[in-house]
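# Breakdown of the fold
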Amino acid sequence: AQSSVTVFGVLDADISHYSQGGVSKTIESTSGNGPSSLGFRGTEDLGGGLSANFWMEAALLNDTGAFAGSALFGRRSTISIAGNFGEVRLGRDAPPSWWNNVVFDAFGGAGPGSATNITKGGGSNGFNGTNPLAFTRVNNAIQYIWGVAPNGQTAFGNGIYGNLMYVFPENVSGTAAIGQYTGARLGYTNGPMNAAVSYAQSKGAPLPGAAGLSTTFKDFNLGGSYVVGVAKLTAHVGVNNSDVTRTKYTHWGVGASIFAGAGSIPVSYNSTKQNNAAGDGADQFAIGYVYNLSKRTVLYTAISHIRNKNNGTYTFLGGNGGGNPGLQTAFGGGRSFGSGTGTDFGIRTTF
Amino acid sequence: AQSSVTVFGVLDADISHYSQGGVSKTIESTSGNGPSSLGFRGTEDLGGGLSANFWMEAALLNDTGAFAGSALFGRRSTISIAGNFGEVRLGRDAPPSWWNNVVFDAFGGAGPGSATNITKGGGSNGFNGTNPLAFTRVNNAIQYIWGVAPNGQTAFGNGIYGNLMYVFPENVSGTAAIGQYTGARLGYTNGPMNAAVSYAQSKGAPLPGAAGLSTTFKDFNLGGSYVVGVAKLTAHVGVNNSDVTRTKYTHWGVGASIFAGAGSIPVSYNSTKQNNAAGDGADQFAIGYVYNLSKRTVLYTAISHIRNKNNGTYTFLGGNGGGNPGLQTAFGGGRSFGSGTGTDFGIRTTF
Amino acid sequence: AQSSVTVFGVLDADISHYSQGGVSKTIESTSGNGPSSLGFRGTEDLGGGLSANFWMEAALLNDTGAFAGSALFGRRSTISIAGNFGEVRLGRDAPPSWWNNVVFDAFGGAGPGSATNITKGGGSNGFNGTNPLAFTRVNNAIQYIWGVAPNGQTAFGNGIYGNLMYVFPENVSGTAAIGQYTGARLGYTNGPMNAAVSYAQSKGAPLPGAAGLSTTFKDFNLGGSYVVGVAKLTAHVGVNNSDVTRTKYTHWGVGASIFAGAGSIPVSYNSTKQNNAAGDGADQFAIGYVYNLSKRTVLYTAISHIRNKNNGTYTFLGGNGGGNPGLQTAFGGGRSFGSGTGTDFGIRTTF
């Protein structure tokens, strides 16, 4: 029945300009402040503190009208049962190892200032396409969640929260468990402070010349935020390892969201470094302004600068996971990445 | 306007384990008890007993967030006009020859115990991909429906019900009418009893070496159910023919849904046999348990065993039409199918 | 929250018969009277006359359940801010040069009688696939809109209305701006009369042998309608140019929607002509009947005749943009297009 379904979402569009490696691009993009999405969710009270919950949410590329990625409800697709024991959730969702990279980023993982440009994802940080740790969402997951509102993503209130996730690799017996993921996140929030730590490992495809031997990837990260008088301060640090190639990527970032009248000023500095001979890496500095037209709607702008070090190949991911603007293709085609600058101006509304 | 649209659906996820032919697979799957789906429907009262109705329903693979099949609203996509004369419905829908295989199956065509594993569909029962009789849904259909609630699928109440369907092949004049389907279903329900018979024929692609000569497929089936004190008993039987290859598949099944406190115990035995020299075929026995958390939400489990006879190649279809878990591929790759066992444990909620 | 989202749409299905060039086809089609669609939209009042608006609308091929085109919300996908200054809208939408071809067509651009069969679109009027002017919708647009209801498509009331649109080509610096579009539409409505003029130009792909030189296309059109006692009269005229090939297409049409009791009789005559040596072109005459079952639901029928002149290759586009019934393929495969006739009978409901 209709009464049990809530239609919800975010629409966010901006005009962006990016330049890097001697070329530039002006585009209409999405999700510069929040992730464009459309979803359907509901909760049924089963009595005795129990509830059944579902959440189907599409990521949208609203500049073209397409949904992002290959699956319609690519942002989340879950059914769960929750009670005093916590919540058991089945389906596609964000893995525990992903949250700290976004929650403790002053830009919330959105727009040209997103820390994830250089700290995670997009194939540019040592995780390839067959490694679940490279993904911001995983399929076939089962989670146990504690201290979080049923069907939700944020802590009940003060106290401990966390989740454990296992991703079924769905391999046939006798073959490599490619896609298997095991991860956990443990956090604590109390008044102005919030902090969480996460560890995960996953199995990727065998390397060339190592048939049958799947690679094990490991991801450790932690982050925190603290609200002082005029700002919410954020910091995060993380390290990604691959056991076969023995590659290691470390990244860290600090930031703040400074309260400014009817809006706020996000500012952040992020850095990443690889353990290869050249010591490839990148730094990113970003600052923006978000003006609240209402509780649900904002105008925003940001400017971000990436400085690649040595042979670093970091660039801007763009809206909704990087699939949209094709910036990587534009900037990466056989030319030095060098330094790059991105800026945007847009509007975001939540419904 | 919003008031005229109902958002509805089902979410169902389970953890399943399948073994067959010497290999096994553990997966997160969908639709083990009911078909995961999301839909939009509405009815407008036109006065004088007339109504205009629409129904758009997607089949979901909620373990990945994708919609099943190639069309978004693949479960149903119809507009209709209904009145005292019955209902005329246009668009994609389940064909009349499909219903008895599911309505009179104790497992309702869902999960490892589904009768359809061996009685219909999936390419393993002699119907190939170009034959509409192999499909659980057909495009470009026009139906006349009698005795069924407008826009619905179940009988008004006691009495006769039925539908006639024609599928436009949409071929250019002078070419074979591949995809044409003509079918009917006639049923009668009265208090504890329900029974229906169906006949359909369709045209598939020409066979190799028989250009211009499209194959005619025929499907006859009937089924019934009867509620006695402690259970709902079900039975069905059917036969599929192909006129060119003269192949014939017969199948039958009996089952029961035994009422057990706040839940029920579905149990079924199904059998199928081909008319080829080897007499290929299969038997399936399945038993489960469904526990009602509420009217809308259940926990469920089932175990099912398929025993292939002679060179039978039957296996489990998996959630939402078999496209999801890739069991056929896992179990069928050049190895004997042998016997197989499937089991699942999951949750289903309806909204 | 749910209260801020409206689910809306149109479902329209018909049975159509088309014949042309010696072959014929009977199909179940969509959108013979109105565009089958499903959408989600909302408006937030920001105070001071300001509002934030979004509109996500899919085009549906409800005979198969698919969404039309390559993007889910292919009919419209926009976010906007509106106020006393007008409206600024970002995202995918209909371009200004498209409206007059449909608003001032007695058949509203739908069904076999649609003026657009010969006046615009579909690859048959000199605009190829890389030219935004060939599209009924464009991606990556920014618009300024005046005199139109916020988030809407129709004028506030009596007075001037219009919009300016720019489409970002999103090309990398130093490459051709393929896909760039700049267009405007200016109209005036007052009581029974409505008229509008539009001009647009766009850049298509370079022609063979002219690398680096993108083609500039130009489109000029105007139209009007006037309600007299028994009918709404419509007329439109337009011309499309290509600067490199120096091709020019001119088209015009007149029509009326005659009020007839509980329904109306649309009738139209359209003509198009190319400036090539042979003087290719076509005429189309169409008449129909629309019977209102209610304010939201109609039954309809229409018959339309296209007469190709010289080597004209015009044919029927079919439902929802021509992608559905494959008529072009059926009728155009190496045979003379000749004259063609199309007819349909269907039902359309709006919700």
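Numbering of residues starts from 1 in every chain and runs along the sequence as written. Numbering of ligands from 1 and lettering of chains from A proceed in the order in which they are written. Residue-level local features of this predicted model are given only where pLDDT is at least 70; pairs of side-chain atoms are given and counted only at 80 or more, and the full residue set underlies all totals for whole chains, interfaces and linings. Computation of side-chain values covers all heavy atoms of the structure but excludes hydrogens and water.

### Regarding the overall build of chain A
In this description a helix means any DSSP run of H or I spanning at least four residues, a strand means any run of E spanning at least two, and both kinds are numbered starting from the N terminus. Within chain A one finds three helices and 18 strands. Exposure categories follow from relative accessible area, calculated using a 1.4 Å probe and restricted to protein chains: below 20% of the type maximum is buried, above 50% is exposed, and the middle band is partly exposed. For chain A, the residues scored as buried account for 59% of the 351 residues in total. Considering only residue pairs separated by 6 or more positions, chain A has 58% of its internal contacts joining residues 24 or more positions apart. For the area figures, the Shrake-Rupley method with a 1.4 Å probe applies, and any residue is considered shielded solely by the protein chains shown. As displayed, chain A has an accessible area near 12700 Å², and 60% of this comes from carbon and sulfur atoms. Residue contacts are defined here by distance: any two heavy atoms, one from each residue, within 4.5 Å place the two residues in contact.

### A look at the pairing of strand 18 (residues 339-350) of chain B
Residue and element names in this part refer to chain B. The criterion for strand pairing is that DSSP finds at least two bridges linking the strands in question. Inspection of the sheet shows strand 1 (residues 6-20) paired to strand 18 by eleven bridges, in the antiparallel sense. Bridge pairing in strand 18 links Ile-15 to Phe-345. Of the pairings in the sheet, the one linking strand 17 (residues 297-309) to strand 18 comprises eleven bridges and is antiparallel in character. Pairing of Leu-299 across the sheet is with Ile-347, part of strand 18.

### Observations concerning the relation of the copies chain B and chain C
Copies are brought into register by a least-squares superposition over C-alpha atoms of residues with pLDDT of at least 70 in both. Placing chain B over chain C gives an RMSD of 0.0 Å and needs a rotation angle of 120°, together with 0.0 Å of translation along the axis. Taken together, the rotation and translation relating the two chain copies correspond to the operation of a three-fold axis. Counting the interface residues of chain B, we find that no more than 16% of their copies in chain C are interface residues as well, pointing to two distinct contact surfaces.

### Structural notes on the relation of the copies chain B and chain A
With an axial shift of 0.0 Å and an RMSD of 0.0 Å, the rotation relating chain B to chain A amounts to 120°. Of the interface residues in chain B, just 15% have counterparts in chain A that sit at the interface too, so the contact is made through distinct surfaces.

### So, the nonpolar core
Of all hydrophobic cores here, the largest spans 63 residues; its most connected members are Phe-40 of chain A, Phe-40 of chain B together with Phe-40 of chain C. Apart from the residues lying within four places of it in its own chain, the contact partners of Phe-40 of chain A are Val-5, Thr-6, Val-7, Phe-8, Phe-54, Trp-55, Met-56 and Phe-73 of chain A, Val-7, Leu-38 and Phe-40 of chain B together with Phe-40 of chain C. Here the nonpolar core consists of buried residues drawn from Ala, Val, Leu, Ile, Met, Phe, Trp, Tyr and Cys, with membership extended through side-chain atoms lying within 4.5 Å.

### Description of the environment of Asp-63 of chain A
All names here are of chain A. Within the fold, Asp-63 resides in the loop between strand 4 (50-61) and strand 5 (66-67). Overall, Asp-63 belongs to the buried group, its relative accessible area being 1%. On a C-alpha basis, the gap between Asp-63 and Ala-13 in space is 7.1 Å, while along the polypeptide they are 50 residues apart.

### What to know about the interface of chain B and chain C
With 32 residues of chain B at the interface, the matching set in chain C holds 34 residues. Criterion for a salt bridge: a side-chain nitrogen of Lys or Arg within 4 Å of a carboxyl oxygen of Asp or Glu. Across the chain B-chain C interface, the total number found is zero salt bridges. As used in this structure description, the phrase polar contact means that two N or O atoms lie within 3.5 Å; if the pair is within protein, one of them must be able to donate a hydrogen and the other to accept it, and residues adjacent in sequence are counted only when both atoms belong to side chains. Linking chain B with chain C are ten residue pairs in polar contact (both at pLDDT 80 or more), by the criterion used here. Considering every element that reaches the side of chain B that touches chain C, the biggest residue donor is strand 6 (residues 76-83) of chain B, with five residues. Note on residue classes: Ala, Val, Leu, Ile, Met, Phe, Trp, Tyr, Cys and Pro are nonpolar, Asp, Glu, Lys and Arg are charged, and everything else, Gly too, is polar. In the side of chain B that touches chain C, the residues fall into 19 nonpolar, ten polar and three charged.

### Topic: helix 1 (residues 96-103) of chain B
Each turn of an α-helix holds 3.6 residues, which means side chains three or four residues apart point in the same direction. Summarising burial for helix 1 of chain B: seven of the eight residues are buried, a large majority. Turning to helix 1 of chain B, its buried residues number three or more, namely Pro-96, Ser-97, Trp-98, Trp-99, Asn-100, Asn-101 and Val-102 of chain B.

### Observations concerning empty space enclosed by the protein
Note on definitions: the grid is 1 Å and covers protein atoms alone; a cavity is a set of points where a 1.4 Å probe fits but cannot get out; a pocket is an open set with protein on both sides within 12 Å along at least five of seven lines; lining residues have an atom within 4 Å of a point. Grid points are joined across faces, edges and corners, and a volume is the space filled by probe spheres set on the points. In this structure the tally under the stated criterion is four cavities of 30 Å³ or more. Taken together, 17 residues line the largest cavity, and the ones lying closest to its centre are Phe-40 and Leu-72 of chain A, Phe-40 and Leu-72 of chain B together with Leu-72 of chain C. Taken together, the elements giving at least two residues each to the lining of the largest cavity come down to strand 3 (37-47) and strand 4 of chain A, strand 3 (37-47) and strand 4 (50-61) of chain B together with strand 3 (37-47) of chain C. Split into classes, the residues belonging to the lining of the largest cavity amount to 17 nonpolar, no polar and no charged.

### Considering the packing of aromatic side chains
Centres within 6.5 Å make a pair out of two Phe, Tyr or Trp rings, where for Trp the six-membered ring is used; the pair is then stacked when the planes are under 30 degrees apart, edge-to-face when over 60, and tilted otherwise. One pass over the structure, following the stated rule, counts 24 aromatic pairs over all chains. Pairing Trp-98 of chain B with Trp-99 of chain B gives two aromatic rings, centres 5.1 Å apart and planes at 70°, and the pair type is edge-to-face. The two residues Trp-98 of chain B and Trp-99 of chain B agree in class, both being buried. Through successive ring pairs, a cluster of aromatic residues spans Phe-40 and Phe-73 of chain A, Phe-40 and Phe-73 of chain B together with Phe-40 and Phe-73 of chain C. Charges are assigned to positions over rings by a cutoff of 6 Å between ring centre and Lys NZ or Arg CZ, combined with an angular limit of 35 degrees from the ring normal. In this structure, Arg-76 of chain A packs its charged tip against the face of Trp-55 of chain A, placed 4.1 Å from the ring centre.

### Some points on the interface of chain B and chain A
Contact residues are listed per partner, giving 34 residues for chain B and 32 residues for chain A. Both faces considered, chain B and chain A share a buried interface measuring about 2800 Å² in area, 67% of it formed by carbon and sulfur atoms. On inspection of chain B and its partner chain A, the count reaches ten residue pairs in polar contact (both at pLDDT 80 or more). For the side of chain B that touches chain A, the secondary structure elements donating two or more residues are strand 1, strand 2 (23-30), strand 3, strand 5 (66-67) and strand 18 of chain B. Tallying contributions element by element places strand 1 of chain B first for the side of chain B that touches chain A, with seven residues. In terms of residue class, the side of chain B that touches chain A is made up of 17 nonpolar, ten polar and seven charged. Accessible-area loss on putting two parts together, using a 1.4 Å probe and summing over both, is the definition of buried area adopted here.

### Quick word on the pattern of salt bridges
Tallied over the full model, the rule gives 15 salt bridges over all chains. Salt-bridge contacts for Arg-89 of chain A lead to Glu-87 of chain A; the nearest nitrogen and oxygen are separated by 3.1 Å. Residue classification places Arg-89 of chain A among the buried positions, given a relative accessible area of 3%. By relative accessible area, Glu-87 of chain A is classed as buried at 1%. Between Glu-57 of chain B and Arg-75 of chain B there is a salt bridge, and its shortest N-O distance comes to 2.9 Å. Within this pair, whereas Glu-57 of chain B is found in strand 4, its partner Arg-75 of chain B is found in the loop between strand 5 and strand 6, the two being separated by 18 residues in sequence. On the basis of relative accessible area, Glu-57 of chain B is assigned to the buried category, the value being 6%. Among the charged side chains, a salt-bridge network with shared partners connects Glu-87, Arg-89 and Asp-93 of chain A.

### Side note on the confidence of the model for chain A
Confidence along chain A averages 89 in pLDDT terms, with 89% of residues attaining 70 or more. The predictor's confidence in any single residue is recorded as pLDDT, a number from 0 to 100. This stretch, residues 121-129 of chain A, has a pLDDT under 50; its non-local contacts, to residues over four places away or in other chains, come to 23 contacts.

### Considerations on the environment of Lys-25 of chain A
All names here are of chain A. Looking at the secondary structure, you find Lys-25 in strand 2 (residues 23-30). Judged by relative accessible area, which is 8%, Lys-25 ranks as buried. Note: C-alpha distance between Lys-25 and Phe-331 (306 residues apart in sequence) is 9.3 Å.

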